[in-house]
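Coordinate analysis (summary)
Here's the letter readout for the chains.
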Amino acid sequence: MKRQTKAIRTQTKKTQYREHSTPLFLTSSFSFESAEQGKALFDETEEGNIYSRFSNPSVQEFVDKVCMLEGAEEGLATATGMAAVFASMAGILKSGDHIIACRALFGSAHQIITQIFAKWGITYTYLDADATEEQWEAAVQTNSRMVYLETPSNPGLELVDLAMIGRLCKKHNLIFNVDNCFATPIIQTPIDFGADLVVHSATKFMDGQGRVLGGVVVGKAEFIAPIRFFCRHTGPSMSPFNAWTLSKSLETLELRMERHSQNALKLAQALEALPEVKKVNYPFLPSHPQYTLAKAQMNAGGAIVTIELEGGFERVSAFMKALQIPTLSSNLGDTRTIITNPFTTTHSKLKPDEKAALGITEGLIRISVGLESIEDLIEDFSQAAVVSAEVLAEKI
Ligand SMILES: *Cc1c(COP(=O)(O)O)cnc(C)c1O
């Protein structure tokens, strides 16, 4: 059976009520049938739930589905995506270790690596997404322990060659850790390219409807074990309610990602044909600098498209004003189309040279393409591109 079929059919064991949809196990703790059972659960001669900081059936169902989709041995869920990113590193790395990362990272991942780990004596080297195999090789030190990256990146949509990094990590015995949030396991499964760990912000496409926060780490059992120990004792657990919501969401993930990707490609193509749009960036457009790599490691382009408009912030403002359908929000991964100007919002705290290195210009707009009718989206974005160009022309 296909992974998606198995994931859809993964469910917590039925109770005596024979329910079809899994009930929500909104409980902080679990009872022992006897003193002997309490003892057995704690000395781990019997497997079972004790306390929801350690495990919970609703949370486990969500984790089992993600493991199925990513082709992972084991996993655990966390309260947010950032808790997953942090635990996947802090649960394994120790003082004196070195981490190699691709520069194009989610802002908070960048803060963990450069600010928080610096306090604990964990050092790092950053590389550009399109760095060559030789450049990655040259970054490996005797104390290197992990490679961490996102592909496609936010908001540059730059790709890192997963097969190449998989080879490098195997050769140098490095732990290969991938944030697969933008692609989701429907579009790309890093474990098939040699990743040891995959992390997600489940807040984005996994929920896909902007309702709950969540994170998940899946991968090889030998690496999940220390991360599980770290989480059990530091407590970034996922709420059973969020897990229950997310588990249901995963059953429609394939359907949603297919439609997100179809809409995104059609919108990208339509906007690329407009003279009022300076540049369109989308992994599955032949004009993307890493189009060949995108086709090799992704089976669709995903939901995120970026466009660049001439005329700086004034043009961006006029464009956003002219749009009828999308929501202005810094979030992404929703049924509803969302747009943001990374320069003044999500990435505003970066220094000018850091913004330049990541291609974050004043006129950049990140579009998280939703599931609305594509005809309506194309019409709305096209008219806004034209109207905002006219507004600016009148001012000059
Ligand atoms: C949103 C996001 C995160 C952080 O997830 P939260 O659930 O907001 O903590 C990490 N990585 C990527 C790529 C993201 O988009």
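These remarks concern the structure in this document. (Residues numbered from 1 in each chain as written. Predicted model: local features only at pLDDT ≥ 70, side-chain atom pairs only at ≥ 80, totals over all residues. Heavy atoms only, no water.)

Quantified by volume, the largest pocket comes out at close to 840 Å³. Together, 28 residues line the largest pocket, and Phe-54, Ser-55, Gln-60, Arg-228 and Arg-232 are the ones closest to its centre. If you list the elements that add at least two residues to the lining of the largest pocket, you get helix H2 (35-42), helix H3 (57-70), strand S1 (74-78) and helix H9 (221-234). Its residues placed into classes, the lining of the largest pocket shows 13 nonpolar, nine polar and six charged. (1 Å grid on protein atoms, 1.4 Å probe; cavity = no way out; pocket = protein on both sides within 12 Å on 5 of 7 lines; lining within 4 Å. Points joined across faces, edges and corners; volume = space filled by probe spheres on them. Helix = DSSP H or I, 4+ residues; strand = E, 2+ residues; numbered from the N terminus. Nonpolar A, V, L, I, M, F, W, Y, C, P; charged D, E, K, R; others polar.)

A cluster of nonpolar side chains, namely Leu-24, Leu-26 and Phe-241, defines an oily patch on the protein surface of about 270 Å² accessible area. Here Phe-241 is to be found in helix H10 (residues 240-250). With relative accessibility at 38%, the residue Phe-241 sits in the partly exposed group. (Patch = residues over 30% accessible without salt bridge, like charges linked within 9 Å, V, L, I, M, F, W, Y side chains within 5 Å. Areas by Shrake-Rupley, 256 points an atom, 1.4 Å probe, with all protein chains shown as cover. Salt bridge = Lys/Arg side-chain N within 4 Å of Asp/Glu carboxyl O. Buried < 20%, exposed > 50% of the residue type's maximum accessible area, 1.4 Å probe, protein only.)

An order of S1-S7-S6-S5-S4-S2-S3 is seen for the seven strands of this open sheet, with the pairing classed as mixed. Edge positions in the open sheet fall to S1 and strand S3 (123-127), since each of these has one partner strand only. Averaged over all pairs of adjacent strands, the angle between strand axes in this sheet comes to 20°, irrespective of strand direction. Pairing between strand S6 (residues 197-201) and strand S7 (residues 215-219): five bridges, direction antiparallel. Directly across from His-200, in S7, lies its bridge partner Val-216. Its contacts with the sheet place helix H5 (residues 107-119) against strand S2 (98-102), S3 and strand S4 (144-150), and it is angled at close to 135° to S3. (Pairing = 2+ DSSP bridges. Axes fitted to C-alpha atoms, helices over the stretch in contact; angles between N-to-C directions. Contact = heavy atoms within 4.5 Å.)

This paragraph deals with the site of the ligand. As a structural note, the neighbourhood of the ligand is formed by Thr-80, Gly-81, Met-82, Phe-106, Glu-150, Asp-179, Cys-181, Phe-182, Ser-201, Thr-203, Lys-204 and Gly-214. In this structure, an oxygen atom belonging to the ligand sits 2.8 Å away from a main-chain N or O atom of Gly-81. Expressed as a share of its isolated accessible area of 380 Å², the protein-covered part of the ligand is 90%. Here the residues of the shell around the ligand sort into four nonpolar, five polar and three charged. (Near = heavy atom within 4 Å. Polar contact = N/O pair within 3.5 Å; in protein donor to acceptor, adjacent residues only side chain to side chain.)

It is worth spelling out the sheet that holds strand S10 (residues 327-328) at this point. Ordered by their spatial adjacency, five strands build an open sheet running S8-S9-S12-S11-S10, and the pairing between neighbours is mixed. The two strands at the open ends of the sheet, each matched to only one other strand, are strand S8 (279-281) and S10. Both strand S11 (residues 338-340) and strand S12 (residues 364-368) contribute to a ladder of three bridges, which runs antiparallel. Across the sheet, Ile-338 pairs through a bridge with Ser-368, a residue of S12.

In this section: the pattern of salt bridges. Going through the model one piece at a time under the given rule, you end up with 15 salt bridges. For Arg-3, the salt bridge identified is with Asp-192, shortest N-O distance 3.2 Å. On the criterion of sequence distance, the pair formed by Arg-3 in helix H1 (residues 3-9) and Asp-192 in the loop between helix H8 (184-187) and S6 is long-range, its members being 189 residues apart. Judged by its relative accessible area of 33%, Arg-3 falls in the partly exposed class.

Let us now look at H3. Taking 1.5 Å per residue, 14 residues should reach 20 Å; H3 reaches 20 Å between its end C-alpha atoms and fits that length. Taking burial as the measure, the 14 residues of H3 include 11 buried ones, the bulk of the element. For H3, the complete set of buried residues consists of Pro-57, Ser-58, Val-59, Glu-61, Phe-62, Val-63, Lys-65, Val-66, Cys-67, Leu-69 and Glu-70. Two residues or fewer past H3, Gly-71 is found with a positive phi of approximately 70°. (Expected span 1.5 Å × (residues − 1).)

Glancing now at helix H7 (residues 162-172). Listing the buried residues of H7 in full gives Leu-162, Met-164, Ile-165, Gly-166, Leu-168 and Cys-169. For H7, the secondary structure elements touched by its buried residues are helix H6 (133-139), S4, strand S5 (175-179) and helix H12 (291-297). Measuring from the side-chain oxygen of the N-cap residue of H7 to the backbone nitrogen of Ala-163 gives 3.2 Å; that N-cap residue is Asp-161. After H7 finishes, the residue Asn-173 shows a positive phi value of roughly 55°.

Here we come to the packing of helix H4 (residues 81-90) against H5. As a packed pair, H4 and H5 sit with axes 10 Å apart at the nearest point and diverge in direction by 40°. In terms of orientation, H4 lies oblique with respect to H5. Relative to H5, the crossing made by H4 is right-handed. Side by side, H4 and H5 meet where Met-82, Val-85, Phe-86, Met-89 and Ala-90 of the first sit next to Ser-108, Ala-109, Ile-112, Ile-113, Ile-116 and Phe-117 of the second. (Parallel < 35°, antiparallel > 145°, perpendicular 65-115°, else oblique. Left-handed = near helix turned anticlockwise from the far one by under 90°.)

The buried count for S5 comes to five of five residues, which makes it a mostly enclosed element. Residues Ile-175, Asn-177 and Asp-179 of S5 are buried on one face, and the alternating residues Phe-176 and Val-178, pointing to the opposite face, are buried as well. Handedness of the β-α-β unit built from S4, H7 and S5 comes out right-handed. (Right-handed = clockwise from strand over helix to strand, strands pointing away.)

Along S12, five of the five residues are buried, which leaves the element largely enclosed by surrounding structure. Burial along S12 is two-sided: Leu-364, Arg-366 and Ser-368 facing one way and Ile-365 and Ile-367 facing the other are all buried. Relative to S12, strand S9 (residues 304-308) runs antiparallel, the two being bridged by five bridges. Note that in S12 the partner of Thr-306 across the bridge is Arg-366.

Any link to function would need more than the numbers given here.
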